Amino acid sequence: MRTGTLLIRPDQTADPIELALRDRGVPVYKFAIIEIQPLPVSAEQIDEWCNTHWDGVVAISPNAVRCFDKQRNNAPWPSAKHYYTVGAGTAETLAAAAAQPVHYPAGEFTSEGLLELPELQQCAEQQWLIITGENGRSLLADTLSKRGAQVTTAEIYKRVPRVNTLPDEEPKWLQSVETIVVSSVEQARLFWEHLSDDGQAWAKNCTWVVPKGRIADFVVSLGIDATQIETTENAAPPSIIRTLTRARKSTAMTKKDTPDQSTAKATETPSSATKKNEAAAPDKPGPAKLGVFSRFLIFVITCSVLVLAAGGYFVWHEQQKWVSETQAKLSDVNARLAQAERPSTEVRDWSEDINELQDTIARQFEAERRARERGLQRIDTLRLDSESSLQQAIDDNARTTQRLSDELRASNARHGSARHVFEAYDLVTAAVHRLRFEFDKVGAIRLLEAAREVLETQSPERDQTIIRQIGHDIELLEELPSIDSQAIALHVQRLQPRVRSLPFSSEFAAKLQDDAQADISSDISQWRQNLANAWSSFSQDMIKVQRHDELPLRLDHDQRTLILGQMELALQIAQQAALRHHGDLYRNTLRDLTTVIDTYLNTEHTDVRQFKAEVAVLLDLPVEPDYPTRLLSHAMLRDRVSDLHSNSQGE
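Residues numbered from 1 in each chain as written. Predicted model: local features only at pLDDT ≥ 70, side-chain atom pairs only at ≥ 80, totals over all residues. Heavy atoms only, no water.

## Comments concerning the packing of helix H8 (residues 185–193) against helix H10 (residues 214–221)
Next, step 1: The contact between H8 and H10 brings their axes to 9 Å, and the two run at 20°. The pairing of H8 with H10 is recorded here as roughly parallel in orientation. Crossing hand, H8 versus H10: right-handed. Contacts between H8 and H10 pair Val185, Ala188 and Arg189 from the former with Arg214, Ile215 and Phe218 from the latter.
Next, step 2: When its residues are assigned to classes, the contact of H8 with H10 shows four nonpolar, no polar and two charged. (Axes fitted to C-alpha atoms, helices over the stretch in contact; angles between N-to-C directions. Helix = DSSP H or I, 4+ residues; strand = E, 2+ residues; numbered from the N terminus. Parallel < 35°, antiparallel > 145°, perpendicular 65-115°, else oblique. Left-handed = near helix turned anticlockwise from the far one by under 90°. Contact = heavy atoms within 4.5 Å. Nonpolar A, V, L, I, M, F, W, Y, C, P; charged D, E, K, R; others polar.)

## Looking at the sheet that holds strand E6 (residues 127–132)
Next, step 1: With parallel pairing, the four strands of this open sheet are ordered in space as E5-E4-E6-E7. Of all strands in the sheet, those bounded by a partner on one side alone are strand E5 (80–85) and strand E7 (150–155). Averaged over all neighbouring strand pairs, the angle between strand axes comes to 20°, with direction disregarded.
Next, step 2: Two strands pair when backbone bridges link them, and strand E4 (residues 54–59) and E6 are joined in this way by four bridges, in the parallel orientation. Residue pairing across strands places glycine 56 opposite tryptophan 128, the latter belonging to E6. (Pairing = 2+ DSSP bridges.)

## A few points about the sheet that holds strand E2 (residues 28–31)
Next, step 1: The sheet built from five strands is open, its strands ordered E2-E1-E9-E10-E11 with parallel pairing. In this open sheet, the two strands that pair with only one neighbour each are E2 and strand E11 (229–232). The average undirected angle you get between the axes of adjacent strands in this sheet is 20°.
Next, step 2: Here strand E1 (residues 4–8) pairs with E2 via four bridges, running parallel. Paired with isoleucine 8 across the strands is phenylalanine 31, a residue of E2.
Next, step 3: The sheet strands contacting H10 are strand E10 (207–211) and E11, and the helix crosses E10 at an angle near 145°.

## A short note on unusual backbone geometry
Next, step 1: The phi angle at alanine 99 is positive, at roughly 55°, despite the residue not being glycine.
Next, step 2: Within the element layout of this structure, alanine 99 appears in the loop between helix H4 (88–98) and helix H5 (111–115).
Next, step 3: A positive phi angle, close to 60°, is found at glutamate 125, a residue other than glycine.
Next, step 4: Mapped onto the fold, glutamate 125 is located in the loop between H5 and E6.
Next, step 5: Look at glutamate 125 and you get exposed, because its relative accessible area is 74%. (Buried < 20%, exposed > 50% of the residue type's maximum accessible area, 1.4 Å probe, protein only.)

## Observations concerning the packing of aromatic side chains
Remark: the centre distance and the inter-plane angle together describe each pair of aromatic rings, the angle taken between the planes.
Next, step 1: The tally for this structure, following the rule as stated, stands at seven aromatic pairs.
Next, step 2: Ring geometry for phenylalanine 68 against tryptophan 77: centres 5.0 Å apart, planes inclined by 45°, an arrangement best described as tilted.
Next, step 3: For phenylalanine 68, a relative accessible area of 0% corresponds to the buried category.
Next, step 4: Cluster of aromatic residues (ring-pair linked, three or more members): Phe31, Trp173, Phe191 and Trp208. (Phe/Tyr/Trp six-rings, centres within 6.5 Å; stacked < 30°, edge-to-face > 60°.)

## With respect to the confidence of the model for the protein
Next, step 1: When pLDDT is averaged along the protein, the result is 78; 80% of the residues meet or exceed 70.
Next, step 2: Scored below 50 in pLDDT, residues 258–288 shows 13 contacts in the model against residues more than four places distant or in partner chains.
Next, step 3: Counting interchain partners and residues more than four positions distant, the pLDDT-below-50 stretch residues 510–521 has 17 contacts. (pLDDT = per-residue confidence, 0-100.)

Here it is in structure tokens:
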């Protein structure tokens, strides 16, 4: 039985479509029919693109962003007024690489949809950079040129067909795959052309999931029936996942309505099988005379066969009865669904519900405002503490610098030739403070280079050991990895809008219960009825107390809103802590957020698992650079200065 899904997509480390399907238990077969290879681009060309200020930069695909980011080396991303992409996936990749906001069309993720944006209508005498692949579509560049823009196309990668292994993979697909996913015309064409005749016949019977428009029309031109094609709104992974889920549900309902021939074979009664065997057996002459034991044995065998035949008939009858009942239930469910889909003719006054909803929203906003104020106060307190610590460190540094300056002036009075040693010591000391308190690796390297230049200018031979050690310290700092706190903060910020869509655990779902209570009449003549009503009310309350005693705690709407607000506030605190390199606050806040997720949310849901996995990844990322707090060159210069002081005091 074929239940698998074939993804025809380029290789990626973690394809969200593949991850979503595997979470749903769907067998996934992935085949990259196109390989992405970077094109050689000269360093001068890269510098020209990166050092030019553009009115707009457009990235066509995530592969374009990744290849450009690898080839630019240490050059900054091209600066522009606005950054654009064709779809949401490319926008996420570009925002992480360029650390800038990115615009993309909200509806159709195509070049046509991007050209419909208002910002691209008036672009006369503007400079635009389009980052794309070799032999890509020229619609975007041609249209912008017609609108008066000066367009520069940066082709930084090429698509190379990889079809050598397709014949080896095809037999597995024929046996296991019923759904094919493809997101570009070029991949669909290469896949179809390199299939065998049997493979093309198999592909015509599969369900194709493709973006609507050009790709869907091309698949139809290959001979695929339109009923076998499920179109998505765009080529983004969320749209493809929704269409795949809908297509698999439709296929499952179709298979359920089709009778199973194996069931009919299994319901064949033993009596009919016995008759077939008796008919097929050749006629053999029996013995002339049977003994008593033989007749008894034949009687027992005959009774056994009759009992088995009766049991088989009973099983077959019960199975037919169960099938009839199941079909009746399905018909009833379909009738109810059809009735539920009919529009209601009743007209209801929604004013009271609207007022109640407005009051609830107002209370929710007020609760969130108070929660945010408390969070901001906490952040402000942490900021003041950090500023106080930093100011104290700066004051200590100032006092140390002043003391060294006084000593330097006193030493210069007698030893003017050693002035450069004290100057180099001050520069190296400032570099150590830059690393310890400001985490500024670039500034520390500049101060060390200045100290080395001072020593090389004044005493290159006498201080050769210190100069060489300063060079080693510079190399050590250059090899240390830098922490991109801006990228971490952007990742945390992207998680905040997803909090509102996370489902709660079923045991904390709110549930309304109506408490019915019998009315007691004030008429004394009805004392018997009043006594019966009172006893019934007491019994019902007793039962409710006993039943509610074992039920888990349930959260109402305001409490759920407060929990979601606290989760958003925790993400905001983690974002600010990452920007300020507060590692303890960052990790503790994300751990608290993980505890809230495990306590209140449905951890079996795919969205919650993915959200928790991303929080776990963020928790493992360091936000405090692991820079050294001491340098060997600083210790060597300190010893040299101490020797100079000792010599001056001895003299």
